[in-house]
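# Structural characterization, general
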Amino acid sequence: MTLIIAFSISFLFVNAQNSEPTKYTANNKGKFFISWGGNRGSYSKSDIRFKGDDYDFTIEDATAKDKPKGWHIDYINPANMTIPQTNFKIGYFISDHYTISLGVDHMKYVMNRDRYRTVNGYIDLPDDEAGSVFNGTFNNEILLVSSELLKFEHTDGLNYVHTEIARYDDISSLFGITNTDAFQINITEGLGAGMLYPKTNTTLLLKERYDDFHISGYGLSARIGLNFTFFKYFFIQLDAKGGYIDMNNIRTTRSSSDHAEQNFYFFERIFALGGIFRL
């Protein structure tokens, strides 16, 4: 009996020494996460077609740039959060490695004006309209796309509202990190799809300015990134994200018969801060 008791005590002691509490970061299923950050965007060339009752013309190989705010308090100022280029995401781990999420990429797209471009189509406005000064028929003509002819910006903004499925893999061990509850590194990849809901700031053919939100098309995206998690609950996310946008119903004037069409590729560099937690 003494030997049995001694053996039992020894067994329990050894197991107590060898067992460790499960780390919070060891399992992800059932966790929620939320993040907020900013982006820089780049865009491919695009043929932009403008259509209305008295015109139908295409500006070929139009170029555009983003409109960065830089490091600014507006990123966390509720009254001005739509001024900078921002990224919001909320999601859920459906397993230890896979998430589903809803996000809004608030990009900004500013067409470069006062550039010479190839133009095809026609403009035939009534003579009593100011924009009739641009009337003509164009067949691969090189024209100056002036600020008077066109101002075309998705600056409040080029809003990509999308769902995404992503994979997370812990690569902390590659860097010799053992206490992942203190610091963890994950590599992430995701695929997304959604709609474009821009607020397009447009002045076309000297018509009245238009600047309202509207559903204008769809987008597809893919991303890869690094996730740095600190003290179990807080993280920094760095992403490289690219995709395709097709907008075939961009409102350009107060008249519902006037619209534009364009498609292009985009690339984002994203920096975001977030939290991960269980309810």
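Above this text sits the structure in question.
Below is a short write-up of the structure. (Residues numbered from 1 in each chain as written. Predicted model: local features only at pLDDT ≥ 70, side-chain atom pairs only at ≥ 80, totals over all residues. Heavy atoms only, no water.)

### Some details on empty space enclosed by the protein
Here is the rule: With a 1 Å grid spanning the protein atoms alone, the term cavity applies to any set of points in which a 1.4 Å probe fits but cannot get out, the term pocket to an open set with protein on both sides within 12 Å along at least five of seven lines, and the term lining residue to any residue with an atom within 4 Å of a point. Grid points are joined across faces, edges and corners, and a volume is the space filled by probe spheres set on the points. Strands are runs of DSSP state E lasting at least 2 residues, helices are runs of H or I lasting at least 4, and numbering of each runs from the N terminus.
With the rule as written, the count across this model stands at two cavities of 30 Å³ or more. Approximately 170 Å³ is the volume found for the largest cavity. As for the largest cavity, its lining consists of 16 residues, of which Ser35, Lys89, Gln237, Asp239 and Ile270 are closest to the centre. Put simply, the parts of the chain that give the lining of the largest cavity at least two residues each are strand S1 (32-43), strand S5 (86-93), strand S6 (98-111), strand S9 (150-170), strand S13 (234-251) and strand S14 (259-277). Ranked by the residues each element gives to the lining of the largest cavity, the list is headed by S13, at four residues. Taken as a whole, the second largest cavity spans an internal volume of roughly 110 Å³. What lines the second largest cavity is a set of 13 residues, and nearest its centre among them are Phe93, Tyr168, Asn227, Thr229 and Ile276. When residues of the lining of the second largest cavity are traced back to their parent elements, those giving at least two are strand S10 (183-196) and strand S12 (217-230).

### Topic: the packing of aromatic side chains
Here is the rule we go by: In summary, the pairing rule links any two rings of Phe, Tyr or Trp, Trp by its six-membered ring, whose centres are within 6.5 Å, and it sorts them by plane angle into stacked for under 30 degrees, edge-to-face for over 60 and tilted for everything else. Residue exposure (1.4 Å probe, protein chains only): buried if accessible area is under 20% of the type maximum, exposed if over 50%, otherwise partly exposed.
Tallied over the entire structure, the rule returns 18 aromatic pairs. Here phenylalanine 183 and phenylalanine 230 contribute two aromatic rings whose centre-to-centre distance is 5.2 Å and whose plane-to-plane angle is 35°, an arrangement assigned as tilted. Here phenylalanine 183, found in strand S10, pairs with phenylalanine 230, found in strand S12; they are 47 residues apart in sequence, far enough to count as distant. Overall, phenylalanine 183 belongs to the partly exposed group, its relative accessible area being 26%. Ring centres of tyrosine 244 and tyrosine 265 lie 5.4 Å apart, and the angle between their planes is 55°; on these two criteria the pair is classed as tilted. Of this pair, tyrosine 244 sits in strand S13 while tyrosine 265 sits in strand S14, and the two are 21 residues apart along the sequence.

### Description of the pairing of S1
Moving residue by residue along a regular strand, the side chains alternate between the two faces of the sheet. To be explicit about the condition: We call two strands paired when DSSP finds no fewer than two bridges between them.
Taken together, the 12 bridges between S1 and S14 define a ladder with antiparallel strand orientation. Its bridge partner being in S14, arginine 40 is matched across the sheet by arginine 269. Note: S1 against S5, seven bridges, orientation antiparallel. Note on S5: the bridge partner recorded for serine 35 is lysine 89.

### Details of the side chain of asparagine 227
The criterion, for reference: We call two N or O atoms a polar contact when they sit within 3.5 Å, provided that within protein one can donate a hydrogen and the other can accept it, with sequence-adjacent residues counted only if both atoms are side-chain atoms. A contact between two residues is defined here by any heavy atoms of the two lying within 4.5 Å.
Following the sequence through the fold, asparagine 227 ends up in strand S12. Within the structure, the side chain of asparagine 227 is placed 3.0 Å from the side chain of glutamine 237, a separation counted as a polar contact. Each residue touching asparagine 227, except ones within four places of it in the same chain, is listed here: Tyr168, Gln184, Ile185, Asn186, Thr188, Phe235, Ile236 and Gln237.

### Examining the pairing of S12
As defined by bridge partners, S10 adjoins S12 across 14 bridges and the pair is classed as antiparallel. Paired with threonine 188 across the two strands is glycine 225, which belongs to S12. Direction of pairing for S12 relative to S13: antiparallel, over a ladder of 14 bridges. Residue pairing for S13: alanine 222 is matched across the bridge by glycine 242. The hairpin turn running from S12 into S13, its antiparallel successor, is three residues long, and phenylalanine 231 in that turn takes a positive phi close to 50°.

### Examining a nonpolar patch on the surface
This is how it is decided: What goes into a patch is any residue over 30% in relative accessible area without a salt bridge, connected to like charges within 9 Å or, for nonpolar side chains (Val, Leu, Ile, Met, Phe, Trp, Tyr), within 5 Å. Note on areas: Shrake-Rupley, 1.4 Å probe, and residue coverage restricted to the protein chains presented here. For this analysis, a salt bridge means a side-chain nitrogen from Lys or Arg found within 4 Å of a carboxyl oxygen belonging to Asp or Glu.
The grouping of Ile34, Phe88, Ile90, Leu102, Phe230, Phe231, Tyr233, Phe234, Phe277 and Leu279 at the surface amounts to a nonpolar patch, some 980 Å² of accessible area in total. With respect to the element layout, isoleucine 34 can be found in strand S1. Its relative accessible area of 35% is what places isoleucine 34 among the partly exposed residues.

### Some words on the pattern of salt bridges
Taken as a whole and assessed by the stated rule, the structure comprises 13 salt bridges. As a salt-bridge pair, aspartate 156 and lysine 199 come within 3.8 Å of each other at their nearest N and O atoms. Separated by 43 residues along the polypeptide, aspartate 156 in strand S9 and lysine 199 in the loop between S10 and strand S11 (200-204) bring together distant segments of the chain. For aspartate 156, a relative accessible area of 22% translates into the label partly exposed. The salt bridge involving arginine 209 is made with aspartate 211; its shortest N-O contact spans 2.9 Å. Taking relative accessible area as the criterion, arginine 209 reaches 43% and is therefore assigned partly exposed. Among the residues examined, aspartate 211 registers a relative accessible area of 17% and is labelled buried. Several salt bridges converge on common partners, so that one network encompasses Lys89, Glu164, Arg223 and Asp239.

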